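Fold and contact review
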Amino acid sequence: MSLTVSVIDAFKKSFEKRCVSLLVSAYHTSITNHEYKADWMENDFTSLLDKHIDKDPNRKKWKINCHIEHHLHTDKTNNRKGYANKESRIDMRLSTFSSTDECLFYVEAKRLKEKDNGLLSRYVDTGIDNYLTKKYPYGILVGYLIKGDVDATIGNINTILKKKNRINEVLSRKIHPIHNQYFESTHPDFGIISHFVFDFTV
C-alpha cells in the first residue's frame, strides 16, 4: 500500500513540475514575442499564457489540459437564475489523468504595480488569503508585474503583511531551477505558498 502511495505522490510531484514548466515557458515566449501591453487586464495576461501553453508540444506529450477562468463549484444547491455568475473562479486549472486518478493544479494570478497599494492589498486579501481559507484549492500564486521593480514590489507586499501583524508570513526569495523571480511564504496551519513573479515591465 505504501508503495502505491509513494508512486502516486511521485506522479503528482512530476505533474506539478510540468505544469510550472509549461507556465514559465509560456511567460518566456510572451516576453520574447513582446505580445503584451502594460494597460492589459489580468485576464488578458492569463489568456496569452494559456495560448502559449496550448501550443506547447510538451503539453500534448505530457497529456495536460489547461482551462482558464475555472469555476470552483460547491455542494450548495442554488437553482436561481444567474447563480453560476456568482460562483468563485480561479484563473487557471491544469489537469491530467493517470489510470483512474486525476491530478489537478491551480494557478491564481494578480496584476502588480510596485506603488499601487490597491493591487498589492488585493494580492494579499484575494490571493494569499483565498488559499489560506481554502476558497481556492491547492496551487500557486502568479504576480503579473506591470510597473516597478520586482524586489521593491515584494517588499511592499511584505509591508502590508507586517501591518496585519503577519510578520512570519512575509515572502522570501528562493532559488527555483527554471524561474529566477520566485518567492515562498510560510503560513501557520497551512504551510508554504509558492509565488512566481512574471515581470512584464521588460
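Note: the structure precedes this text.
Right, let's walk through the structure included here. (Residues numbered from 1 in each chain as written. Predicted model: local features only at pLDDT ≥ 70, side-chain atom pairs only at ≥ 80, totals over all residues. Heavy atoms only, no water.)

Looking at the overall build of the chain
- Scanning the chain for helices and strands turns up 5 helices and 7 strands.
- Reading the secondary structure of the chain in the N-to-C direction produces α-α-α-β-β-β-α-β-α-β-β-β. (Helix = DSSP H or I, 4+ residues; strand = E, 2+ residues; numbered from the N terminus.)

Some remarks on unusual backbone geometry
- Residues other than glycine seldom take positive phi values, yet K63 does so here, at roughly 60°.
- Considering the arrangement of structural elements, one finds K63 in the loop between α3 (57–62) and β1 (65–71).
- On the accessibility criterion, K63 (65% relative accessible area) is exposed.
- Phi at K134 takes a positive value of approximately 65°, unusual for a residue other than glycine.
- Tracing the chain through its elements places K134 in the loop between α4 (117–132) and β4 (139–147).
- When its relative accessible area of 67% is taken as the criterion, K134 is described as exposed. (Buried < 20%, exposed > 50% of the residue type's maximum accessible area, 1.4 Å probe, protein only.)

So, the pairing of strand β6 (residues 182–187)
- Pairing of strand β5 (residues 172–173) with β6 involves 2 bridges; the strand directions are antiparallel. Each residue of the ladder has a partner; that of S172, found in β6, is E184. (Pairing = 2+ DSSP bridges.)

Re the environment of L104
- Inspection of the secondary structure assignment puts L104 in strand β3 (residues 101–113).
- Taking the relative accessible area as the measure of exposure, L104 reaches 31% and is therefore partly exposed.
- Sequence separation between L104 and C19 is 85 residues; the distance between their C-alpha atoms is 9.7 Å.

Observations regarding the layout of surface pockets
- As a volume, the largest pocket reaches approximately 310 Å³.
- Taken together, 17 residues form the lining of the largest pocket, with E16, V20, H176, S194 and F196 sitting closest to its centre.
- Elements represented by at least two residues in the lining of the largest pocket include exactly α1 (2–33), β4, β6 and β7 (191–199).
- In the lining of the largest pocket, the residues fall into 10 nonpolar, 4 polar and 3 charged. (1 Å grid on protein atoms, 1.4 Å probe; cavity = no way out; pocket = protein on both sides within 12 Å on 5 of 7 lines; lining within 4 Å. Points joined across faces, edges and corners; volume = space filled by probe spheres on them. Nonpolar A, V, L, I, M, F, W, Y, C, P; charged D, E, K, R; others polar.)

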